[in-house]
Amino acid sequence: MPMRHAYAVEVEWTGAGADGTATYRSYTRDHVVRVEGLPDILGSADPTFRGDRGRHNPEQLLLAALAQCHMLSYLHQAASRGIVVTAYRDAATGEMETSGTGGRFTRAVLRPVVTIADATQAADALDAHGQAGRDCFIASSVAFPVLHEPTIVAGGEVVAQHERAADAEEVR
């Protein structure tokens, strides 16, 4: 029987100004994302869509959610496999296409660089990304490919690496 989990956020638009949405240019896209007990996230639209570049936009937050989810799933896989991870960072990218007033993400590429304690576990550390991608709740929920190009480092040297995105493995 599946377990259900519930999440709650509050989003409040703060950009009404004096005239609200009287015209396309009369309001800002500024808003606040609130989660009880956590710091507020100041949001806006992407600058391309008249947003404030000093605030997070939904597209960045979607990409961050994918990268975070993959990292957490990966760390679980590593611990389950007896792989000691000592550092993890990701430089994720996403692509979106727009037409008219709509748009959609067409893909995301995660590029985690994972440092492990034992170089002899490099192949297993690389392989763990596939299962982590399948385990990631966020990647399983989106309608576009989430690819990964992991790099495994041990002793300050690259010991395993996946090829570029054209050959990257879909992780969901």
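First, a word on scope: everything that follows refers to the structure included in this document. (Residues numbered from 1 in each chain as written. Predicted model: local features only at pLDDT ≥ 70, side-chain atom pairs only at ≥ 80, totals over all residues. Heavy atoms only, no water.)

Regarding the packing of helix 1 (residues 58–81) against helix 2 (residues 122–135)
And then number 1: Axis separation between helix 1 and helix 2 bottoms out at 8 Å; the angle between their running directions is 130°. As summarised for this structure, helix 1 and helix 2 are arranged oblique, according to the angle between their axes. Viewed along their axes, helix 1 and helix 2 form a crossing whose handedness is right-handed. Here His70, Ser73, Tyr74, Gln77 and Arg81 of helix 1 come into contact with helix 2, specifically with Asp124, Ala125, Asp127, Ala128, His129, Gln131, Ala132, Gly133 and Asp135. (Axes fitted to C-alpha atoms, helices over the stretch in contact; angles between N-to-C directions. Helix = DSSP H or I, 4+ residues; strand = E, 2+ residues; numbered from the N terminus. Parallel < 35°, antiparallel > 145°, perpendicular 65-115°, else oblique. Left-handed = near helix turned anticlockwise from the far one by under 90°. Contact = heavy atoms within 4.5 Å.)

Some details on the state of the cysteines
And then number 1: What the rule picks out here adds up to one disulfide.
And then number 2: In this model, Cys69 is linked to Cys136 through a disulfide, with the two sulfur atoms separated by 2.4 Å. Looking down the S-S bond of the Cys69 and Cys136 bridge, the torsion is 140°, so its handedness is right-handed. You can see Cys69 sitting in helix 1 and its partner Cys136 sitting in the loop between helix 2 and strand 8 (146–148), a full 67 residues away along the chain.
And then number 3: For Cys69, a relative accessible area of 10% translates into the label buried. (Disulfide = S-S within 2.5 Å. Buried < 20%, exposed > 50% of the residue type's maximum accessible area, 1.4 Å probe, protein only.)

Here's the deal with the nonpolar core
And then number 1: Counting 13 residues, the largest nonpolar core has Tyr74, Ile83, Val114, Ile116, Ala125 and Ile152 as the members making the most contacts within it.
And then number 2: Looking at this core, the elements that each hand over two or more residues are helix 1, strand 7 (112–116), helix 2 and strand 9 (151–154).
And then number 3: By residue number, the principal contributor to this core is helix 2, which donates four residues. (Core = buried A, V, L, I, M, F, W, Y, C linked by side-chain atoms within 4.5 Å.)

Quick notes on helix 1
And then number 1: For helix 1, with 24 residues, the first-to-last C-alpha span of 34 Å sits near the 34 Å given by 1.5 Å per residue.
And then number 2: Within the span of helix 1, buried status applies to Leu63, Leu66, Ala67, Cys69, His70, Ser73, Tyr74, Gln77 and Ala78.
And then number 3: Downstream of helix 1 by one or two residues, Gly82 has phi in the positive range, about 75°. (Expected span 1.5 Å × (residues − 1).)

Let's talk about the sheet that holds strand 4 (residues 85–90)
And then number 1: Taken in spatial order, the four strands make up an open sheet running 4-7-9-10, and their pairing is mixed. Two strands close off the open sheet at either side, each with one partner strand: strand 4 and strand 10 (157–161). With strand direction ignored, the average angle separating the axes of adjacent strands in the sheet is 25°.
And then number 2: As judged from the five bridges shared by strand 4 and strand 7, these two strands associate in the antiparallel manner. Across the sheet, the residue bridging to Asp90 is Pro112, located in strand 7.
And then number 3: Against the sheet, helix 1 touches strand 4, strand 7 and strand 9, its axis set at about 160° to strand 4. (Pairing = 2+ DSSP bridges.)

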